[in-house]
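# Working through the structure, step by step
Residues per chain, in single letters:
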There are 2 protein chains.
Amino acid sequence: MDFISHLSSNNIKPSVQRIKIFEYLYKNTNHPTVDIIYKDLVGDIPTLSKTTVYNTLKLFIDNGITSTFTIDGNEARYDAIMEEHAHFKCNDCGQLYDVEIEALKLKFSKLNDFQIDNTNIYLKGICNKCLTK
Amino acid sequence: MDFISHLSSNNIKPSVQRIKIFEYLYKNTNHPTVDIIYKDLVGDIPTLSKTTVYNTLKLFIDNGITSTFTIDGNEARYDAIMEEHAHFKCNDCGQLYDVEIEALKLKFSKLNDFQIDNTNIYLKGICNKCLTK
DNA sequence: CACTAAATTTGTAATGATTACAATTTTATA
DNA sequence: TATAAAATTGTAATCATTACAAATTTAGTG
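This one's a predicted model, so the numbers in the text were calculated from it and none came from an experiment.

Before going further, it helps to examine the domain arrangement of chain A. Residue and element names in this part refer to chain A. By the assigned domains, chain A splits into domain 1 (3-79) and domain 2 (86-131). Domain 1 and domain 2 are separated by 23 Å when their C-alpha centres are compared. With nine residues of domain 1 at the contact, the number on the domain 2 side is six residues. Both faces combined, the contact of domain 1 with domain 2 buries some 690 Å², and carbon together with sulfur accounts for 55% of it. Between the two partners, domain 1 and domain 2, sit two salt bridges. A salt bridge links Lys89 to Asp72, with the nearest nitrogen and oxygen atoms 3.0 Å apart. Applying the counting rule to domain 1 against domain 2 returns five residue pairs in polar contact (both at pLDDT 80 or more). Its residues placed into classes, the side of domain 1 that touches domain 2 shows two nonpolar, four polar and three charged.

Spelled out as C-alpha cells, the structure:
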C-alpha cells in the first residue's frame, strides 16, 4: 500500500501528518480513538496537535478513505478499512472485533422506496476467549 | 398499556417522574434525546431536573425496559420499544425511522463460537419523502 | 533565490453532553 | 409521629469535540 499515492488519488495533499495518521490507521485495525492515535504518534511527530488529528480524520472521512463509528455513546472510533463489515464488542473484555457480514443483502421491510447509502451493524456479547476462560 | 404495573413488574418503583418519563418514551416513538424529553415534560412536572431524566433512563436501561443508541456520535437517543428493529436516518431531512428486520437471523462469519447478546443496526440514506420532492 | 499568498498545523478557549456528588425532598416503616 | 431509606434535585466537574485565530509550512511567481 503506497500511502502517499492513496492520499493523492483521493484529492488529499500528502503532508507528513496526513501520511503518518493514515498509515497508523491502516496498520492498526483495532479502531483507535483520537486520543490513542494522538498518543501513539506524538513520539514520531513531536509537534503534533490533537486538533490536527481531528481535522485530518474529518478530511479522510469527507474524502471517503476512512469511516467512523461510535459504540455505546463513547468516543468516536476510526477505521481505514472501507469494505463493509460489522463490529463486535465483547461486554466482558471490551475488545472490538471485525466481522464479515455473510448475509450481505439484508432485506428491510417498508424500505422499498428508501435509498440506503450506508449500513452500520454492531453486535455485543461475549467473545470466544472470554467464554472459555 | 398500564405503565405503573409495567414499571413495578420490572422492579422499578413507580414514582411520578418515572411514570411520566416512561409514558412519554412509550408514546413518542421518535427516539427523543434527554433534552427533548426534559423540555417536553418540565411543563407537566415543574420541579423536574435533567439529572432525573438521566438517572431514570439509566434505571430503565438497567432493568431492560428501555434501550439507547447513538447515531453519528451525537446525543444518546432512547427507545421504549424493545422488539428488535433497525433504525434509518435520512441524510436529507434528518428524520429517524424504525425499520423491521426481515432477515432476522443474520449470519456472521467467524462468530460461531461467540455469544451474541445484542444486535444493533442502523442505516443511512434518503427517505422516500425526500426522494420524491 | 527571495516574496507573497494559500494551505496546513497548532494551541487555546468555548461548547455541549454526561456524570459526580452532596443537599433536599419524598416515601416507607416502625 | 419519628426515623431511615430512597428518590429527586441543582451545581460543579469531566471529557470529547469544535471554533477560531495565530503561527508555520508549502507552493507559486518574478
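There's plenty left to go through after this.
Next up on the list: the state of the cysteines. A full pass over the atoms with the stated rule returns zero disulfides over all chains. Cysteine Cys93 of chain A shares no disulfide, and the gap to the nearest cysteine sulfur, in Cys90 of chain A, comes to 3.7 Å. On the accessibility criterion, Cys93 of chain A (42% relative accessible area) is partly exposed. Cys130 of chain B takes part in no disulfide bond, and the closest cysteine sulfur, belonging to Cys93 of chain B, lies 3.7 Å away. Owing to a relative accessible area of 10%, Cys130 of chain B belongs among the buried residues under this scheme.

The next subject is the packing of helix H2 (residues 16-27) of chain A against helix H3 (residues 34-41) of chain A. How two helices pack is summed up by the angle between their axes together with the distance between the axes. Residues and elements named next belong to chain A. Where H2 contacts H3, the two axes come as close as 11 Å, and the packing angle between them is 115 degrees. As for the relative orientation of H2 and H3, their crossing is right-handed in sense. Counted together, Lys20, Ile21, Tyr24 and Leu25 of H2 and Ile36, Ile37, Asp40 and Leu41 of H3 form the full contact between these two elements. Grouping the constituent residues of the contact of H2 with H3 by class yields six nonpolar, no polar and two charged.

Residue and element names in this part refer to chain B. Where strand S3 (residues 86-90) and strand S4 (residues 96-99) come together, four bridges link them in antiparallel fashion. Within S4, the position partnered with Ala86 by the bridge is Val99. Counted along the chain from S3 to the antiparallel partner S4, the turn is five residues long, and its residue Gly94 has a positive phi close to 85 degrees.

Let's shift gears to unusual backbone geometry. With the exception of glycine, the majority of residues adopt a negative phi angle, and the majority of peptide bonds are in the trans configuration. Residues and elements named next belong to chain A. Even without glycine at this site, His31 takes up a positive phi of about 60 degrees. Despite not being glycine, Asp72 has its phi angle at roughly 60 degrees, a positive value. Within the element layout of this structure, Asp72 appears in the loop between strand S1 (67-69) and strand S2 (77-79). We classify Asp72 as partly exposed; its relative accessible area is 36%.

In the vicinity of DNA strand D lie 14 residues, with Tyr54 and Ala76 of chain A together with Ser15, Thr47 and Thr52 of chain B positioned nearest. When atoms of DNA strand D within 4 Å of the protein are split into backbone and base, the sugar-phosphate part holds 78%. One of the side-chain nitrogen or oxygen atoms of Arg18 of chain B is found 3.2 Å away from a phosphate oxygen of DNA strand D. Here Leu48 of chain B contributes a backbone N or O atom positioned 3.4 Å from a phosphate oxygen of DNA strand D. When contributions to the surface near DNA strand D are tallied by element, the ones reaching two or more residues are helix H4 (50-62) of chain A together with helix H2 (16-27) and helix H4 (50-62) of chain B. Take the surface near DNA strand D: its biggest share by element is three residues, from H4 of chain B.

On to H4 of chain A, then. Side chains of residues three or four places apart in an α-helix project in the same direction, reflecting 3.6 residues per turn. Residues and elements named next belong to chain A. Spanning 13 residues, H4 covers 18 Å between terminal C-alpha atoms, matching the ideal 18 Å at 1.5 Å per step. The residue sitting at the N-terminus of H4 and contributing the capping side-chain oxygen is Ser49; that oxygen lies 3.0 Å from the backbone nitrogen of Thr51. Gly64, located one to two residues past H4, shows a positive phi value of around 75 degrees.

Definitions and limits used
Residues numbered from 1 in each chain as written. Chains lettered and ligands numbered in written order. Predicted model: local features only at pLDDT ≥ 70, side-chain atom pairs only at ≥ 80, totals over all residues. Heavy atoms only, no water. Domains from an automatic or database assignment. Contact = heavy atoms within 4.5 Å. Buried area = accessible area lost by both parts, 1.4 Å probe. Salt bridge = Lys/Arg side-chain N within 4 Å of Asp/Glu carboxyl O. Polar contact = N/O pair within 3.5 Å; in protein donor to acceptor, adjacent residues only side chain to side chain. Nonpolar A, V, L, I, M, F, W, Y, C, P; charged D, E, K, R; others polar. Disulfide = S-S within 2.5 Å. Buried < 20%, exposed > 50% of the residue type's maximum accessible area, 1.4 Å probe, protein only. Axes fitted to C-alpha atoms, helices over the stretch in contact; angles between N-to-C directions. Helix = DSSP H or I, 4+ residues; strand = E, 2+ residues; numbered from the N terminus. Left-handed = near helix turned anticlockwise from the far one by under 90°. Pairing = 2+ DSSP bridges. Near = heavy atom within 4 Å. Expected span 1.5 Å × (residues − 1).

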